[in-house]
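Structural description and commentary
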Amino acid sequence: MPVLSFLKWRISKIERGFTQTVLPLNVESSNQYITQQAALMLLAADYTGGIALCTLFNEIPVMGFHPMQGDYGAYMWGAKANIKWHRPSADDLTCEAVIPEEEWGKVAKRFFEGRDVIITIPVIMRNGDDLVATADFTYWAKNTHALRETARDEEKTHILYTHQIKTSAQLIAGLRSLNENHNDPIAEDVAGKQGLILAKKFCLTAPQLQQMVEARTEHCDRSLELFAKKHSSFSIVNIGVGLDTRLCRFKHLNNINAVYELDLPVMLSLRSEKLKGVDDTDFPVHRIAIDLRENVLDDRLLKAGLDPQQPIFFIWEGGSMYFYKEETHQTFTAIRKLMQNSESLLWLDYTSKKVVADETNIQEVEDFMANMRRMGEPFIQGYETILSSENSRLFEMKHLTSSDYCVDK
Ligand SMILES: C[S@@+](CC[C@H](N)C(=O)[O-])C[C@H]1O[C@@H](n2cnc3c(N)ncnc32)[C@H](O)[C@@H]1O
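Reference entry: report on the structure contained in this document. On a predicted model such as this, the values are computed, not experimentally measured, just so you know.

As for the site of the ligand
Taken together, the neighbourhood of the ligand is formed by 18 residues, with Arg176, Gly240, Asp263, Asp291 and Glu317 sitting nearest. For the ligand, an oxygen atom lies 2.8 Å from a polar atom in the side chain of arginine 176. Within the contact set of the ligand, a nitrogen atom lies 2.8 Å away from a backbone nitrogen or oxygen of glycine 240. Alone, the ligand offers 590 Å² of accessible surface; in the complex the protein occludes 91% of this. At a threshold of 2 Å from the grid points, most atoms of the ligand map onto the largest cavity. Class assignment for the residues of the shell around the ligand results in eight nonpolar, three polar and seven charged.

Right, here's the structure in full:
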């Protein structure tokens, strides 16, 4: 809440169903009459009501505010605001939000059951004992697991989830467009203004992300190049393809049989829209809408015509850190079933266990993880080695490298 911290707004009291905050009268918060600016009062009151609502969700983190260690948290949004200013606020403004006790259980139950919570919370604003303004804020909240389940069907995908996944894909494209070698000329268009600003903003606090994305992308490109040189005919399967532009960098090859791109339905729509005009290829590109958690990867690829007997280059870039190891093992098992040709390869990146557990003792790495958690995109799973005993029954490691192999630090 950068604006509020600039105003020195503070939380003075929190209890279950109750929040009190103070917006001090100061140079920053006052207008030409040395009274508080109406819109700032609204802002302070909005956060006061929102915090009161959070207190009903026990200790779970609110995405965008609290660092998320795992992938379970609360997603909150303001739906409507009604405010009445009764008199000028000429002193520190105390805002209080109270949720009646009889509502607490009902709200928490809806939330933990994964249903939409829609609640109107009154906020009273005072200078000392004097009533200055009253407001009613309507909030919407949902738990993040229930929210992401809406993404299995494009029609039902919640608008806020759409926003979240679009933003993170545009962020990655934005980071690629910042690459000093300019080896991804269309990334900037794909990222759009929002992706570019997001990337620049993110780099201020976590510059490592850009280098990490650069390293993994470059390594995957190199591996794919080698693979393409070795085989007269092969297919590519790109899992969680997002807004990756690799297709444009490899479309000149004449030994690609077909490309299969998989992602959530809403992401594939965005992809088709963003890559329109540059994804013209001589080989077929199949876009397969899928939720990896449904465990239907092999089935869907076979139905789309993938021939498991031919050499296949599988890519799972920037994905494994967002899935728990059991979920990843399921995806690996499906990939393995499709690797009936001994030449087939899976390229993927993963994060070390120490990074996810904050045990590196490297400040930059820990800051980076903290930023990802705050952004609501925490890396939830790390590995000492990705070839755990279960996974080593499926694959053999051909090559392993750390992401700093091509950057200075
Ligand atoms: C960090 S992005 C990486 C995108 C792309 N591979 C790249 O490097 O640009 C992760 C991708 O995984 C996709 N994804 C996340 N959860 C998914 C799920 N349950 N099923 C399928 N795709 C998913 C996201 O939509 C997103 O495109």
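A closer look at the packing of helix α5 (residues 159-177) against helix α9 (residues 265-274)
It is at 10 Å that the axes of α5 and α9 come closest, and there the two elements cross at 50°. Viewed along their axes, α5 and α9 adopt a mutual orientation that is oblique. Viewed along their axes, α5 and α9 form a crossing whose handedness is right-handed. Counting all contacts with α5, which are made through Thr162, Ile165, Lys166, Ala169 and Gln170, the residues of α9 involved are Val266, Met267, Leu270 and Lys274. A breakdown of the residues in the contact of α5 with α9 according to their chemical character gives five nonpolar, two polar and two charged.

The rules behind the values
Residues numbered from 1 in each chain as written. Predicted model: local features only at pLDDT ≥ 70, side-chain atom pairs only at ≥ 80, totals over all residues. Heavy atoms only, no water. Near = heavy atom within 4 Å. Polar contact = N/O pair within 3.5 Å; in protein donor to acceptor, adjacent residues only side chain to side chain. Areas by Shrake-Rupley, 256 points an atom, 1.4 Å probe, with all protein chains shown as cover. 1 Å grid on protein atoms, 1.4 Å probe; cavity = no way out; pocket = protein on both sides within 12 Å on 5 of 7 lines; lining within 4 Å. Sits in = over half its atoms within 2 Å of the grid points. Nonpolar A, V, L, I, M, F, W, Y, C, P; charged D, E, K, R; others polar. Axes fitted to C-alpha atoms, helices over the stretch in contact; angles between N-to-C directions. Helix = DSSP H or I, 4+ residues; strand = E, 2+ residues; numbered from the N terminus. Parallel < 35°, antiparallel > 145°, perpendicular 65-115°, else oblique. Left-handed = near helix turned anticlockwise from the far one by under 90°. Contact = heavy atoms within 4.5 Å.

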